[in-house]
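Residue-level listing of the chains:
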Amino acid sequence: MSSRVCRTCGGSDIDVDQARGSAVCTGCGSVLEDNIIVSEVQFVEGSGGVSSAVGQFVSADGPAKAPLIGSGFHTSVGKESRAQTLQGGKRQIQQLGSQLQLNQHCLDTAFNFFKMVVSKHLTRGRKTEHVIAACLYLVCRTEGTPHMLLDLSDLLQVNVYILGKTFLLLARELCINAPAIDPCLYIPRFAHMLEFGGKTHEVSMTALRLVQRMKRDWMHTGRRPSGLCGAALLVAARMHKFRRTVKDVISVVKVCQTTLRKRLTEFEDTPTSQLTIDEFMRVDLEQECDPPSFIAAQHKAKMQQLEQQLAQKLDDVEGQISCYKDEIETELERSRPKLSGIYAAYAKEIGRDGRRPPVATATKTVNISVSFSEPEDAKALPATPDLEPPEAEDDELRAAAQQLTQDFLCQVIQEEEGRGEAGDDSGREEGEGSQRQAAPLAAILGKLPAPVSLGLQQTFDASEASEEPGDEPMEGGDLDLDGIDDQEIDKYILNQEEVQVKTELWMKQNAEYLKEQQEKEERIKKEKEQGTYKEKPKKAKQKKEPILASTAGEAIEKMLEKKRISSKINYDVLRDLNSRGTGSGGGSSPSRPAPDPPDATTATRKRVARRRRKKASDVSRSLAATTSMIGKRVRHLISSTSKKRKTAVQEEPPTAPKRDATPEPTAEAPPEQEAEAGPALPAPPPGPEVGEEEEEEEVEEECVSALQLVGDYGCEEEEVF
Amino acid sequence: MTPITPATPASKSSEIVPQLKNVISVVNLGCKLKLMSIALKAWNIEYNPKRCPAAIMRLREPRTTALIFSSGKMVCTGAKSEQLSRLAARKHARVLEKLGFPVKFLNFTIQNMVGSCDVKFPIRLESLFLTHQKFSSYEPELFPGLIYRMVKPRIVLLIFASGKIVFTGAGSKGFEGVKERAVIYEAFENIYPILEAFRKK
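The model shown is predicted, which means the values in this text are computed figures rather than measured ones.

Conventions we followed
- Residues numbered from 1 in each chain as written.
- Chains lettered and ligands numbered in written order.
- Predicted model: local features only at pLDDT ≥ 70, side-chain atom pairs only at ≥ 80, totals over all residues.
- Heavy atoms only, no water.
- Helix = DSSP H or I, 4+ residues; strand = E, 2+ residues; numbered from the N terminus.
- Buried < 20%, exposed > 50% of the residue type's maximum accessible area, 1.4 Å probe, protein only.
- Contact = heavy atoms within 4.5 Å.
- Pairing = 2+ DSSP bridges.
- Axes fitted to C-alpha atoms, helices over the stretch in contact; angles between N-to-C directions.
- 1 Å grid on protein atoms, 1.4 Å probe; cavity = no way out; pocket = protein on both sides within 12 Å on 5 of 7 lines; lining within 4 Å.
- Points joined across faces, edges and corners; volume = space filled by probe spheres on them.
- Nonpolar A, V, L, I, M, F, W, Y, C, P; charged D, E, K, R; others polar.
- Phe/Tyr/Trp six-rings, centres within 6.5 Å; stacked < 30°, edge-to-face > 60°.
- Lys NZ or Arg CZ within 6 Å of the ring centre and 35° of its normal.
- Left-handed = near helix turned anticlockwise from the far one by under 90°.
- Patch = residues over 30% accessible without salt bridge, like charges linked within 9 Å, V, L, I, M, F, W, Y side chains within 5 Å.
- Areas by Shrake-Rupley, 256 points an atom, 1.4 Å probe, with all protein chains shown as cover.
- Salt bridge = Lys/Arg side-chain N within 4 Å of Asp/Glu carboxyl O.
- Lys, Arg positive; Asp, Glu negative; His and termini not counted.
- Charge placed at Lys NZ, Arg CZ, Asp CG, Glu CD.
- Parallel < 35°, antiparallel > 145°, perpendicular 65-115°, else oblique.
- Core = buried A, V, L, I, M, F, W, Y, C linked by side-chain atoms within 4.5 Å.
- Buried area = accessible area lost by both parts, 1.4 Å probe.
- Polar contact = N/O pair within 3.5 Å; in protein donor to acceptor, adjacent residues only side chain to side chain.
- Expected span 1.5 Å × (residues − 1).
- pLDDT = per-residue confidence, 0-100.

## Observations concerning the overall build of chain A
Across its full length, chain A holds 31 helices and five strands. Out of the 721 residues in chain A, the part that is buried amounts to 34%. Residue pairs in contact within chain A that sit at least 24 positions apart in sequence constitute 71% of those at least 6 positions apart.

This is the structure in structure tokens:
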């Protein structure tokens, strides 16, 4: 507080009493000030005689808000939205963290993660709950606490996979690599929850040993650690004579019964399960098993192979059987008696339908030879001339012939059926070729599974094929019907009746939807009549155009234009300042005038200014420089504007050839605009080169007092004009 | 001078080639479609406007499913190769043409391809995760496989302990769909030596 002069007597001896909060003139006694605001600590006596200091705690990382003055508007006033978000987040973290029994250090770390997340705008479009949970889980993983994602999802009643998705995304964006979960971490926690009393430690040790054994047997890769722990604890409990049922364990471990049983079965398959309890505690088997999924895959592959082999064998056998069939039939044909009359006609029919090799002309002849020749003699028969005229037949023979033909007919019919089945079987065995219709060859080939051995061949085919699309003529948009079977397509289309039926069904199914649509339309009509119809504008997706720039500086400038970094900068003015050239030094708001620099450093500045002039008015770099040097540019600007003045006055002649023409004429125009620039950050002259910066740093070291700042601004204005 | 045989890359000597399992493509039919009328005229088309704004057409051969939107765009999935995908898309379009719409076949592009293969040995996912933390994401609580995001070529691999690998372009930010099958082969060549290092001895 500066000494003041008394109003009444003019004396400068004023007594300020902090306790009473008054300022009194000692000369005349007049009270100059009453109720001075003091900044001393005051104490208040509370209940029980305890004195406490008057005041509020303002936390370091909280918002820099002013304490509630006067009536005290609540919360919103004076707080930024960001601060509010962080405060809310902190509160939620504390709440959730305390439920998980996390210590304060973890909660602080979680809050730090949350701050990072907010600064990277990852909270947008996500529920804060989920984000908080993900941050907490991140901390759990990095610290190695035995908390599962399932616990968090239990507390929040949210699907664990949704939380997992958020967690994975955050971990990726924040580049935090959480180490993989070790099931051993969970054992003590679960053991405690299973209440083994005094022997908890021993059971835990046994369970740990079991888990380690499972790890070596490749049982834990890709599995939920809790499932393994559950199985291990169950076995350990049984080993120590505790009767814990599967249900007890699953309620603690949070897996389902099937999973637990499966783990137990898998463990059973390992050789370790064959050891006795004592042996297990002492001995460690060397052999490592394969992961169960690998074993299952191998098993499956073997089964497929076996099936294929069987199918092949069946085919072979089929072939043999059909061979035998054919032979038998030929034999029978030969051995069978020749028929006459009606029977010949029947035989002809059979000859046409059946696929047996037609017994040549023997069927036509009506020659019932008496000797029902046995198979051995059958061969001799065809040789005999069959064109003998029919001889008189005995009734007996006729009857016998009838019987024979009937039998023969039955046999043939059976054969046909059998043949039909065999045909189907073979069709099925071949693959999906059950469709007898002519399908395009390419389609059939496409269906056959490509064996791995043909892989290389396939690669070549593929590489050749991939050239084809390029060779195909660019379709002028017309549908190329090459290779499409119209009949096949027609099968998909329904006829009139079918359409009607389907229409009925569809209308019934979607009755609600149709009603909704109707109501919506009516609503729109009404609103249109009333004139209140607001058509929802369809957001045309703004395609992000790639920034084309020739230099890095240009690119940064364009990026700045598009992407507004801070809301406190008037970008238009910023741009203008720089485009007017660096000679002006980017004048500034009235609050940052140029000082009058001491002459001692003029020389350095001249050098710097000269250099700067060379690169002056490089628009593309100016903005780039702006971004990179916004932080420390205040003083620099101050010195630069002075330099500009100095150089403008002193350096004109020598630096004329080096100077660019543009700064000069523009140097006069700016000041007026600068005065009205408003709250714009000063734009420094260009030159992001290291050398310059070093020199600039030197220049900056001089301290400039506020008075100089204030005083000089007036000078600047005068001089430039 | 002893002749030295040139070293062959690991995968070629092992003769394993990734197989394409699924190809997803899109095509523009160039005309607006009335989904309701389409759905009623063919038996292999279903349309549930409440659930999905597109009609779903299934073809028997090649076995594919197509999503048809009223704007005339169509997505075809399920084909086993690029050529089959094109053929299937043309068949779908042909059906629509027969139903009376003036369809065209514009801008057929393959959006994504999914391939898989089996290296036939178990893989230690935890160790792989430890050494390649920058590229991999392994959360046994959430998914049994390790998700490996390869940078060159830009492709996502799902690696399982049984030795099975799935290649795909995840379509998420920074990992667009696999447009050519050569990318899958290249990715396999790159990952094979890494996997061998974590083989079960």
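This is not the end of the story, as more comes after the structure.
## Describing the overall build of chain B
A count of helices and strands for chain B gives five helices and ten strands. Sorting the 201 residues of chain B into buried and exposed places 55% on the buried side. Excluding contacts between residues fewer than 6 apart, the proportion of contacts in chain B whose partners are at least 24 apart in sequence is 61%.

## Some points on the sheet that holds strand E1 (residues 14-17) of chain A
Residue and element names in this part refer to chain A. On the basis of which strands lie adjacent, the open sheet formed by three strands has the order E1-E2-E3 and antiparallel pairing. On the outer flanks of this sheet lie E1 and strand E3 (31-33), each paired with one strand and no other. Recorded for the sheet is a direction-independent mean angle of 30° between the axes of neighbouring strands.

## Structural notes on the layout of surface pockets
Of the pockets and cavities examined, the second largest pocket occupies roughly 1200 Å³. Residue lining of the second largest pocket: 34 residues in total, with Leu168(A), Leu169(A), Arg172(A), Ser137(B) and Arg149(B) positioned closest to the centre. Among the secondary structure elements, those contributing two or more residues to the lining of the second largest pocket are helix H5 (160-173) of chain A together with strand E7 (136-137) and strand E8 (146-150) of chain B. With eleven residues, H5(A) is the largest single contributor of residues to the lining of the second largest pocket. Looking at the lining of the second largest pocket, its residues break down into 17 nonpolar, eight polar and nine charged.

## A look at the packing of aromatic side chains
One pass over the full model with this rule turns up twelve aromatic pairs over all chains. An angle of 70° between the planes, with centres 6.2 Å apart, marks the rings of Phe121(B) and Tyr192(B) as edge-to-face. Placement of Phe121(B) in the loop between strand E6 (106-118) and helix H4 (125-131) and of Tyr192(B) in helix H5 (residues 181-197) is noted, with a sequence separation of 71 residues between them. Each member of the pair, Phe121(B) together with Tyr192(B), is buried. Within the aromatic cluster, the residues linked to one another by ring pairs are Phe121(B), Phe167(B), Phe188(B) and Tyr192(B). Seen from the ring of Phe111(A), Lys90(A) lies directly overhead, with NZ or CZ sitting 4.4 Å from the centre. Arg124(B) extends its terminal NZ or CZ atom over the ring of Trp218(A), reaching a point 4.1 Å from the ring centre.

## So, the packing of helix H1 (residues 81-99) of chain A against helix H2 (residues 104-119) of chain A
Residues and elements named next belong to chain A. It is the contact of H1 with H2, at a shortest axis distance of 10 Å, that shows an interaxial angle of 145°. H1 and H2 meet at a crossing whose hand is right-handed. Residues Arg82, Thr85, Leu86, Gly89, Lys90, Ile93, Gln94 and Gly97 of H1 form the contact with H2, whose participating residues are Gln104, Leu107, Asp108, Ala110, Phe111, Phe114, Lys115, Val118 and Ser119.

## What about a negative patch on the surface?
A cluster of acidic residues, Glu516(A), Glu519(A), Glu521(A) and Glu522(A), forms a negative patch at the surface. Within the fold, Glu516(A) resides in helix H21 (residues 511-530).

## Brief notes about the pattern of salt bridges
What the rule picks out here adds up to 24 salt bridges over all chains. With a closest N to O distance of 3.9 Å, Arg20(A) and Asp17(A) form a salt bridge. Exposure remark for Asp17(A): the relative accessible area of 23% places this residue in the partly exposed category. The salt bridge partner of Lys120(B) is Asp118(B), with a shortest N-O separation of 3.9 Å. Using a relative accessible area of 57% as the deciding quantity, one classes Lys120(B) as exposed.

## Quick word on the packing of helix H8 (residues 225-239) of chain A against helix H10 (residues 257-269) of chain A
Residue and element names in this part refer to chain A. Between H8 and H10, the least distance of the axes is 9 Å, while the angle of their chain directions is 65°. Relative to H10, H8 is oriented roughly perpendicular. Crossing angle aside, the handedness with which H8 passes H10 is right-handed. Residue-level inspection shows Gly227, Leu228, Gly230, Ala231, Leu234 and Val235 of H8 in contact with H10, the latter providing Leu260, Arg263 and Leu264. Here the residues of the contact of H8 with H10 are counted per class, giving six nonpolar, two polar and one charged.

## Quick notes on the nonpolar core
Membership of the largest hydrophobic core comes to 72 residues, with the highest contact counts inside it found for Ile93(A), Phe114(A), Leu136(A), Leu152(A), Phe190(A), Phe196(A) and Leu233(A). The dominant element in this core, judged by the number of residues it contributes, is helix H3 (residues 128-143) of chain A, at ten residues. For Leu152(A), the contacting residues outside a window of four places in its chain are Leu96(A), Leu100(A), Ala133(A), Tyr137(A) and Leu163(A). Within the second largest apolar cluster, 64 residues are counted, among which are Ile484(A), Leu59(B), Met74(B) and Leu157(B).

## Brief notes about the interface of chain B and chain A
Accessible area lost during the coming together of the parts is what is often quoted as the interface size. Tallying the contact residues gives 58 residues for chain B and 69 residues for chain A. Buried area between chain B and chain A, both sides added, is near 5700 Å², and the carbon and sulfur share of it is 58%. Contact with chain A buries area across many residues of chain B, yet Leu40(B), Glu141(B) and Leu142(B) alone supply 14% of it, more than any other trio. Where chain B touches chain A, the interface holds six salt bridges. For the salt bridge of Arg94(B) with Asp486(A), the shortest nitrogen-to-oxygen distance reads 3.1 Å. Applying the counting criterion to the chain B and chain A interface returns 20 residue pairs in polar contact (both at pLDDT 80 or more). Mapped by element, the contributors of at least two residues to the side of chain B that touches chain A are helix H2 (35-41), strand E2 (45-47), strand E3 (55-59), helix H3 (82-98), H4 and H5 of chain B. For the side of chain B that touches chain A, the class distribution of residues is 29 nonpolar, seven polar and 22 charged.

## A few points about unusual backbone geometry
With omega at 5°, the peptide bond leading from Glu61(B) into Pro62(B) counts as cis. Among the secondary structure elements, Pro62(B) is positioned in the loop between E3 and strand E4 (64-68). With an omega of 0°, the peptide bond between Lys152(B) and Pro153(B) qualifies as cis. Relative to the assigned elements, Pro153(B) resides in the loop between E8 and strand E9 (155-159). Notably, Cys175(A) is not glycine yet its phi reads approximately 55°, a positive angle. The exposure class assigned to Cys175(A) is exposed, which follows from its relative accessible area of 63%.

## Things to note about the pairing of E6(B)
All names here are of chain B. Here eight bridges tie strand E1 (residues 19-28) to E6, and the two strands are oriented antiparallel to one another. Following the sheet pairing, Leu20 is matched in E6 by Gly115. Sheet analysis places E6 next to strand E10 (residues 164-168), joined by five bridges and oriented antiparallel. By the bridge assignment for E10, Ser116 is matched with Val166.

## Some thoughts on helix H7 (residues 200-216) of chain A
Residue and element names in this part refer to chain A. Its 17 residues place the ends of H7 24 Å apart at the C-alpha level, agreeing with the 24 Å of an ideal helix rising 1.5 Å per residue. Regarding H7, the residues found buried are Thr200, Val203, Ser204, Thr206, Ala207, Leu208, Leu210, Val211, Arg213 and Met214. Here the buried face of H7 lies against helix H6 (187-193), H8, H10 and helix H11 (277-282). Following H7 by one or two positions, Trp218 adopts a phi angle in the positive range, close to 65°.

## Description of the confidence of the model for chain B
Averaged over all residues, the pLDDT of chain B equals 87, while 91% of them reach at least 70. Both scores are given for the predicted complex: the pTM is 0.57, the ipTM 0.79.

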